[in-house]
Amino acid sequence: MIHLVIGGARSGKSVYAENLAGELSQSPDQYSPSKKNTGKKLIYLATATIYDDEMQQRIDLHKQRRDQNWSLVEEPLQLASCLQTLSGTNAVVLIDCMTLWLSNWICSDNFAGFGSQRQAFITALTTFEGDCVIVSNEVGSGIVPMGELSRSFVDHAGWLNQAIAKVSDKATLVVAGLPLALKGG
């Protein structure tokens, strides 16, 4: 099951996604022949990179919320191959977040390769065996940015979110800490 959790900055989407993943880890495993509760592992797949003290503080806040039941995998660029590795591992994978992943690509020396990486990630989602909760920012609800780089980011984030929503079983918009089912709710 793929569940996209989307919202604005500080909307409560990560907390909602973490709670959702915790609930999913206790639900029966749809991939197990017996469909019994197998106590699935929780894997936090982090895309953030630390460039300054403020980002370190944000990451520390996220870490403080998670208990010892969570494993951490850090992958700033190669999400498709990472997700393929985690497929079928009896885990709930929480990916946080897609717009940071996009930022990593935009700031890399190889942004031209993002289109193929995005498609590889979407393909990996469609074949993923397990539960995956994906966090992303909704950045297209404001004004059109003035700078070319900012407009490119907003455009690519919108296209990425649409592609993920299309293959997701569920999608939830979080606003002011309140979830609103968009798909499969």
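Residues numbered from 1 in each chain as written. Predicted model: local features only at pLDDT ≥ 70, side-chain atom pairs only at ≥ 80, totals over all residues. Heavy atoms only, no water.

> Could you clarify how one ought to interpret the packing of aromatic side chains in this entry?
Aromatic ring pairs are defined here through the distance separating the ring centres and the angle between the ring planes. Inspection of the entire model under this criterion finds five aromatic pairs. On the numbers, 5.9 Å between centres and 75° between planes, the contact of Tyr44 with Trp70 is edge-to-face. Placement of the pair is Tyr44 in strand E2 (residues 41-46) and Trp70 in strand E3 (residues 70-74), with a sequence separation of 26 residues. Here Tyr44 matches Trp70 in class, with each residue buried. For the ring pair Trp101 and Phe121, a centre distance of 5.5 Å and an interplane angle of 50° mean the geometry is tilted. (Phe/Tyr/Trp six-rings, centres within 6.5 Å; stacked < 30°, edge-to-face > 60°. Helix = DSSP H or I, 4+ residues; strand = E, 2+ residues; numbered from the N terminus. Buried < 20%, exposed > 50% of the residue type's maximum accessible area, 1.4 Å probe, protein only.)

> Just to check I follow, could you spell out the nonpolar core for this structure?
Here is a general trend for soluble globular proteins: nonpolar side chains tend to be buried in one another's company. Counting 32 residues, the largest nonpolar core has Leu83, Ile95, Met98, Phe121, Leu125, Ile134 and Ile164 as the members making the most contacts within it. Discounting residues that sit within four places of it in the chain, Phe121 has contacts with Leu79, Ala80, Leu83, Ile95, Met98, Trp101, Ile134 and Ile164. Listed in part, the 16 residues of the second largest apolar core include Leu42, Val92, Val133 and Val174. (Core = buried A, V, L, I, M, F, W, Y, C linked by side-chain atoms within 4.5 Å. Contact = heavy atoms within 4.5 Å.)

> What should I look at first to understand the pattern of salt bridges in this one?
Any two side chains of opposite charge can pair if their charged atoms end up close together. Within this structure, the stated rule accounts for three salt bridges. A salt bridge links Asp131 to Lys40; the shortest N-O distance between them is 3.1 Å. Of this pair, Asp131 sits in strand E5 (residues 131-137) while Lys40 sits in the loop between helix H1 (13-25) and E2, placing them 91 residues apart in sequence. Looking at Asp131, the relative accessible area reads 8%, which means it is buried. On the basis of relative accessible area, Lys40 is assigned to the buried category, the value being 6%. With a closest N to O distance of 2.4 Å, Arg58 and Glu54 form a salt bridge. Here Glu54 and Arg58 lie together in helix H2 (residues 53-65), a separation of four residues that amounts to about one turn. The partly exposed category is assigned to Arg58, whose relative accessible area is 35%. (Salt bridge = Lys/Arg side-chain N within 4 Å of Asp/Glu carboxyl O.)

> Explanation requested: the layout of surface pockets in the structure shown.
Once rolled over the atoms, a probe with the size of a water molecule shows which space is left empty. The calculated volume of the largest pocket comes to roughly 670 Å³. Considering the residues around the largest pocket, the lining is formed by 29 residues, among which Ser14, Arg58, His62, Asp96 and Leu100 are closest to the centre. Counting only elements with at least two residues in the lining of the largest pocket, the list comes to H1, E2, H2, E3 and helix H4 (98-106). Considering every element that reaches the lining of the largest pocket, the biggest residue donor is H2, with seven residues. Looking at the lining of the largest pocket residue by residue, the classes come out as 14 nonpolar, seven polar and eight charged. (1 Å grid on protein atoms, 1.4 Å probe; cavity = no way out; pocket = protein on both sides within 12 Å on 5 of 7 lines; lining within 4 Å. Points joined across faces, edges and corners; volume = space filled by probe spheres on them. Nonpolar A, V, L, I, M, F, W, Y, C, P; charged D, E, K, R; others polar.)

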